[in-house]
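Chain by chain, the residues:
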Amino acid sequence: MYLLVSRTNNGELLVLPLGPEGEVSGPALRLTSRDFPGYVCDQEADRPRWVWEDTARIYPLLLKAGVRVHRAHDLRLCHTILRLSSLTQASSLARAEPSQWDRAPALQPDAAASGVTLFDLFDGDTGAGAEGPAEGGTDTAAGAGPQAEFRRQLDAVRASTEPGRLRLLLAAESAGALIAAEMQFAGLPWRTDVHDALLTRELGARVAPGIRPERLENLARRIRDALGEPGLNPDSQPDLMRALQKAGLRVTSTRAWELKEFTHPVIEPLLEYKKLSRLLSANGWYWMDTWIVNGRFHPEYIPGGVVTGRWATRGGGALQLPKQVRGAVVADADWKLVVADAAQLEPRILAALSGDTAMAQAGRGTDLYAGIVAGGVVETREHAKVAMLGAMYGATSGESGRLLPRLAKAFPRALALTETAARAGERGESVTTRLGRSSPRPGERWLATQAQAYDPGATDADERRARSQARDWGRFTRNFIVQGSAAEWALCWMAEVRRELRMLPPCTPAASGSEFDQAPHLVFFLHDEVMVHTPAALAATVEGIIRRAADTAGRHLFADFPVDFLLTVATVDSYAQAK
DNA sequence: TGTGAACGCGCG
DNA sequence: AAAGCGCGCGTTCACA
């Protein structure tokens, strides 16, 4: 059922079989790291759920040895969810003093550095079959070891008001951790020759670091000429700002969108310069040399890295790959990229969360924004979009603010949900996603500022500051509930895609090479978008899997509520060809 | 010489 | 066209 894995200080691995309630159900096993992958591979026949402290630290070992697992439970990620969830506030896990499980993980998934000890594994356990020290130790009587923690987590879920949702959330979060490790391992196919050609075309020939490529240098000269400032460094914002002012341009910043408002000979070359210098510094040759290894981009994904449950990444800016360079993401010969994105995901999530059947109806089988226009709510798709974003982000002014009342009239339930979430945040309360992830409470400073506004001696400035800060937090909680629930949908979607892909019959009779060189697999994830690298012959099958997975995810979160989750799917050779 | 804030811009 | 959510990262510059 469950196999609990932890590491010893000397790099060995301990495996403890556990039953449905986390109780010990068999003898413990000690394995060298060399024997571990083979053991895991054997056990996979029974589809156990592997329970371990941190997927990012253990799973890469298995992947290197060519072993993948089906199911896992990531204790660290699940602890974070249960600790904050409003659905488990009465549990001992949530009420305990902060422990090692609340500390941030070390930066690197370093194998030897953070092993738990034999003692950690058995500490606090009184179940049959356990051997090892039974008392003493550095932590509380409740037990700090992974088995004790796992039992607390199971207890917290069982006793919660929504155990089904939480179980789904923890499984999806853990599956996400597996996928993150697998995607980092497999890498995104990247053609450095294509990338280099693209850079050369845009910037000029490659030059040594610290020197401007030809096209950039030409633009810098044109900027200096247009401003009459021969010595100007266009990379220095203060200098640029001063020079623009001197030329009579009353700018308040050097942001591109503000510069666009002005008419002056410097504007055109300056905007071009900004675009190209950004390309050079963010995704230029230096980036390419640093991050592309053997034709693959291997960013480190961080599941749960964003408070809302979205993923973050570390290194290489993987979630910010500009459209400019996506042409370098190219499938291998005889392979394809299947790129799918969930169309208008967040509005659809909002419709389902709030049970707003009218809004769900607007998106039935069609672009949701187009559906809103068709329903006569607003005149154009752009208006529909800007109004929806305003509702979910908390816009108060501008075009978005003006359109909001019409949206509220057409979709009262959806808008009421976002308003309720915003009011809760303004009061300093937390809000909770569909599956049970709760927003953090505001910090000490926030509370102090609010308290100050209620002080009899409070000034107008105190009150203004408190009100403004309260609204800020309200916009955060307003968005949290939608963004967080959308992240849950996306995790379920991706987990389902992974599961189905693994059920495909192998295309070659095992043995030679890695699974990732032979079978379709996920290579990229971007909040509401997934990419699968697949042998060309299987591309149509993969498309079907991705589409079915979206429906499955929708049912997992919202059961029978009639909301569509439409996808845009493209089978392409290059990422640039997708949408 | 190292550190961090401010700025700006890429993505959803 | 530029308000309103969540991020990561590169550059410059002030300050320790």
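Residues numbered from 1 in each chain as written. Chains lettered and ligands numbered in written order. Predicted model: local features only at pLDDT ≥ 70, side-chain atom pairs only at ≥ 80, totals over all residues. Heavy atoms only, no water.

Before going further, it helps to spend a moment on the overall build of chain A. A count of helical and extended segments in chain A gives 22 helices and 14 strands. Here the C-alpha atoms of chain A give a radius of gyration of 27 Å, agreeing with the 25 Å that 2.2 N^0.38 yields for 579 residues. Summarising its shape, the C-alpha atoms of chain A cover approximately 80 × 65 × 50 Å along the three principal directions. For chain A, restricting intrachain contacts to residue pairs at least 6 apart in sequence, the fraction spanning at least 24 positions comes to 65%. Per element, the accessible surface of chain A, about 26,700 Å² overall, is 52% carbon and sulfur. Across chain A, the 67 positively charged side chains and the 69 negatively charged ones have centroids separated by 5 Å. (Helix = DSSP H or I, 4+ residues; strand = E, 2+ residues; numbered from the N terminus. Rg over C-alpha atoms; globule rule 2.2 N^0.38 Å. Contact = heavy atoms within 4.5 Å. Areas by Shrake-Rupley, 256 points an atom, 1.4 Å probe, with all protein chains shown as cover. Lys, Arg positive; Asp, Glu negative; His and termini not counted. Charge placed at Lys NZ, Arg CZ, Asp CG, Glu CD.)

Right, let's get into the pairing of strand β13 (residues 529-535). For β13, the buried fraction is high: seven of the seven residues fall into the buried class. Where strand β11 (residues 335-342) meets β13, seven bridges bridge the pair, whose relative direction is antiparallel. Paired with V338 across the strands is V532, a residue of β13. By the bridge criterion, four bridges tie strand β12 (residues 521-525) to β13 in an arrangement that is antiparallel. In the strand pairing of β13, F524 is matched with M531. Counting the residues in the hairpin turn of β12 and β13 gives three residues, including H527, whose phi is positive at 65°. (Buried < 20%, exposed > 50% of the residue type's maximum accessible area, 1.4 Å probe, protein only. Pairing = 2+ DSSP bridges.)

Here helix α8 (residues 192-203) is twelve residues long and its end C-alpha atoms lie 16 Å apart, about the 16 Å a rise of 1.5 Å per residue gives. Taken as a whole, α8 has its buried residues at H195, L198, L199 and L203. Summarising the axial view, the buried residues of α8 lie within an arc of 105°, below the 170-degree limit, and thus occupy one face. Elements that come into contact with the buried residues of α8 comprise α9 (214-227), α12 (267-283) and α13 (285-291). Once α8 finishes, G204 follows within two positions and takes phi at roughly 105°, a positive value. (Expected span 1.5 Å × (residues − 1). Arc of directions from axis to C-beta.)

So, on to the protein's contact with DNA strand B. Around DNA strand B, 18 residues are found, and the nearest of them are T254, R278, Q320, K323 and D528. In DNA strand B, atoms within 4 Å of the protein come from the sugar-phosphate backbone in 80% of cases. T254 places a polar main-chain atom, nitrogen or oxygen, 2.9 Å from a phosphate oxygen of DNA strand B. Note that a phosphate oxygen of DNA strand B is positioned 3.2 Å from one of the backbone N or O atoms of A256. The class makeup of the residues in the surface near DNA strand B is five nonpolar, six polar and seven charged. (Near = heavy atom within 4 Å. Polar contact = N/O pair within 3.5 Å; in protein donor to acceptor, adjacent residues only side chain to side chain. Nonpolar A, V, L, I, M, F, W, Y, C, P; charged D, E, K, R; others polar.)

The next subject is the sheet that holds strand β8 (residues 296-297). Sheet strands pair via backbone hydrogen bonds, and the direction of the pair is either parallel or antiparallel. Taken in spatial order, the three strands of this open sheet run β6-β8-β7, and their pairing is antiparallel. Looking at the sheet topology across the chains shown, the edges are occupied by β6 (188-189) and β7 (292-293). Bridging between β6 and β8 involves two bridges; their strand directions are antiparallel. Across the sheet, P189 pairs through a bridge with R296, a residue of β8.

Applying the stated criterion across every chain, the model contains 16 aromatic pairs. Between the aromatic rings of W287 and F297, the centroid separation amounts to 5.1 Å while the plane-to-plane angle is 65°, which identifies the pairing as edge-to-face. Placement of the pair is W287 in helix α13 and F297 in strand β8, with a sequence separation of ten residues. F297 shares its class with W287; the two are buried. Ring centres 5.8 Å apart and planes at 70° place the aromatic pair F476 and F480 in the edge-to-face group. In this pair, F476 and F480 both sit in helix α21 (residues 460-503), four residues apart, roughly one turn of the helix. Since its relative accessible area comes to 0%, F480 is described here as buried. In textbook terms, an aromatic cluster arises when at least three aromatic residues are bridged by ring pairs, as seen for W446, W473, F476 and F480. (Phe/Tyr/Trp six-rings, centres within 6.5 Å; stacked < 30°, edge-to-face > 60°.)

Turning to the side chain of R296, a few remarks are in order. Take R296: it is sitting in strand β8. Ignoring any residue separated from it by four or fewer positions in sequence, one finds R296 in contact with A186, G187, L188, P189, W190, W291, D332 and H533.

Across the sheet, four strands lie side by side as β12-β13-β11-β14; this open sheet has antiparallel pairing. Strands at the two margins of the open sheet, each flanked by one partner only, are β12 and β14 (567-572). Neighbour to neighbour, the strand axes of the sheet diverge by 20° on average, direction disregarded. Of the strands in this sheet, β11, β13 and β14 are in contact with helix α22 (residues 539-558), which crosses β14 at around 165°. (Axes fitted to C-alpha atoms, helices over the stretch in contact; angles between N-to-C directions.)

Another point: the packing of α8 against α9. Two elements in contact, α8 and α9, have axes whose closest approach is 6 Å; the angle formed by their N-to-C orientations is 25°. Here α8 lies roughly parallel to α9, going by the angle between them. Seen from α8, the contacting residues are R201, E202 and L203; seen from α9, they are E214, R215 and L216. (Parallel < 35°, antiparallel > 145°, perpendicular 65-115°, else oblique.)

Ranked by size, the top nonpolar core spans 124 residues in total, and within it W190, W489, W493 and I546 carry the most contacts. Among the elements that take part in this core, α21 stands out by supplying twelve residues, more than any other. Not counting chain neighbours up to four residues away, the residues in contact with W489 comprise A342, L345, I349, A550, A553, G554, L557, F565 and L567. With 21 residues, the next largest nonpolar core counts L62, L63, V67 and A186 among its residues. (Core = buried A, V, L, I, M, F, W, Y, C linked by side-chain atoms within 4.5 Å.)

With that settled, the discussion passes to the protein's contact with DNA strand C. Looking at DNA strand C, there are 26 residues lining it, with S236, G315, Q320, A395 and R475 nearest. Here, DNA strand C places atoms within 4 Å of the protein, and 75% of those atoms are sugar or phosphate. Interatomic distance of 3.2 Å between a side-chain N/O atom of Q483 and a sugar or linking oxygen of DNA strand C. If you list the elements that add at least two residues to the surface near DNA strand C, you get α12, β10 (312-314), α17 (381-393) and α21. At four residues, the largest contribution of residues to the surface near DNA strand C is made by α21. Looking at the surface near DNA strand C residue by residue, the class counts come to nine nonpolar, eleven polar and six charged.

This part takes up the domain arrangement of chain A. Put simply, an interface is often sized by how much accessible area is lost when its parts join up. By the assigned domains, chain A splits into domain 1 (2-185), domain 2 (192-288), domain 3 (299-345 + 488-577) and domain 4 (348-484). Measuring from the centre of the C-alpha atoms in domain 2 to the corresponding centre in domain 3 gives 36 Å. Listed per partner, the contact involves seven residues of domain 2 and seven residues of domain 3. Here domain 2 meets domain 3 over a buried area of about 680 Å², counting both sides, of which 64% is carbon and sulfur. Its largest share of buried area at the contact with domain 3, domain 2 owes to L198, N283 and W287, together 48% of the area lost on that side. (Domains from an automatic or database assignment. Buried area = accessible area lost by both parts, 1.4 Å probe.)

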